[in-house]
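Chain by chain, the residues:
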Amino acid sequence: MLTRYYEHSTGGKTGYTKKAGRTLVSTAEKDGMELVVVTINDPDDWRDHKNLFEWGFDEYRLTKLKQPETGTSIIYPLTDKEKKAAHSVTYMLKQQEHQQQIGTDVYYLDKTRIGSVPIYTVPEEPTLAGTVKQVFDEIAGVRLW
């Protein structure tokens, strides 16, 4: 499957047991989105995996969800319908001395939690370590507040 049957395939492992029958775990990547398919007792597993990957890549898009007040964001695969049900809630922690994390933005799809991003304070005097951390956090999607 890796080289011949599906151009987006990135890996896979076949198997067989008497109880499970023919098994296959495979991965694929397209446009930055990675998918995993697992089948058990499937006599046409390679074709089914290819069809499931194509369905997943057609139905889902990597979507950036952003919390407008704090500026944090996550990237999550969603259908067009799910985009309308995605939202975030900000939870602030009780402030304590020398505490860097002051809260968390939690992202939901309907009532299911799909991700979270911590919210940090900005140090009063920037340090080299703090500046490096801030650059890394910005790249990773964590917004300092």
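Please refer to the structure placed before this passage.
The paragraphs below set out a description of the structure included in this document. This is a predicted model, so every value here is computed, not measured.

**Points about the overall build of the protein**
From N to C terminus, the protein includes 3 helices and 8 strands. Listing every helix and strand of the protein by position from the N terminus yields β-β-β-α-β-β-α-β-β-β-α. The C-alpha radius of gyration of the protein comes to 21 Å, more than 25% above the 15 Å expected for a compact globule of 145 residues. Dimensions of the protein, computed from C-alpha atoms along their principal axes, come out at roughly 60 × 35 × 30 Å.

**Side note on the sheet that holds strand β3 (residues 33-40)**
Neighbouring strands of a sheet are bound in pairs by backbone hydrogen bonds; such pairs are parallel or else antiparallel. Taken together, the 3 strands give an open sheet; going across it, the order is β1-β2-β3, and neighbouring strands pair in antiparallel fashion. Two strands bound the open sheet, and with one partner strand each, they are β1 (9-17) and β3. The average angle at which neighbouring strand axes cross in this sheet is 10 degrees, direction not considered. As judged from the 8 bridges shared by β1 and strand β2 (residues 21-30), these two strands associate in the antiparallel manner. Considered in β2, the bridge of Ser-9 is made with Ala-28. Sheet strands in contact with helix α1 (residues 45-59) are β1, β2 and β3, and its direction is about 35 degrees off that of β2.

**Re the pattern of salt bridges**
A complete count under the given rule lists 3 salt bridges for this structure. Put simply, Asp-45 and Arg-22 hold a salt bridge, and the shortest N to O gap is 2.8 Å. Remark: Arg-22 occurs in strand β2 and Asp-45 occurs in helix α1; sequence separation between them is 23 residues. On the basis of relative accessible area, Asp-45 is assigned to the buried category, the value being 2%. The class of Arg-22 is partly exposed, set by a relative accessible area of 38%. A salt bridge links Asp-44 to Arg-47, with the nearest nitrogen and oxygen atoms 3.7 Å apart.

**Focus on the environment of Asp-31**
Of note, Asp-31 is situated in the loop between β2 and β3. Between the C-alpha atom of Asp-31 and that of Arg-61, which follows or precedes it by 30 residues, the distance is 9.1 Å.

Reading guide: rules and limits
Residues numbered from 1 in each chain as written. Predicted model: local features only at pLDDT ≥ 70, side-chain atom pairs only at ≥ 80, totals over all residues. Heavy atoms only, no water. Helix = DSSP H or I, 4+ residues; strand = E, 2+ residues; numbered from the N terminus. Rg over C-alpha atoms; globule rule 2.2 N^0.38 Å. Pairing = 2+ DSSP bridges. Axes fitted to C-alpha atoms, helices over the stretch in contact; angles between N-to-C directions. Contact = heavy atoms within 4.5 Å. Salt bridge = Lys/Arg side-chain N within 4 Å of Asp/Glu carboxyl O. Buried < 20%, exposed > 50% of the residue type's maximum accessible area, 1.4 Å probe, protein only.

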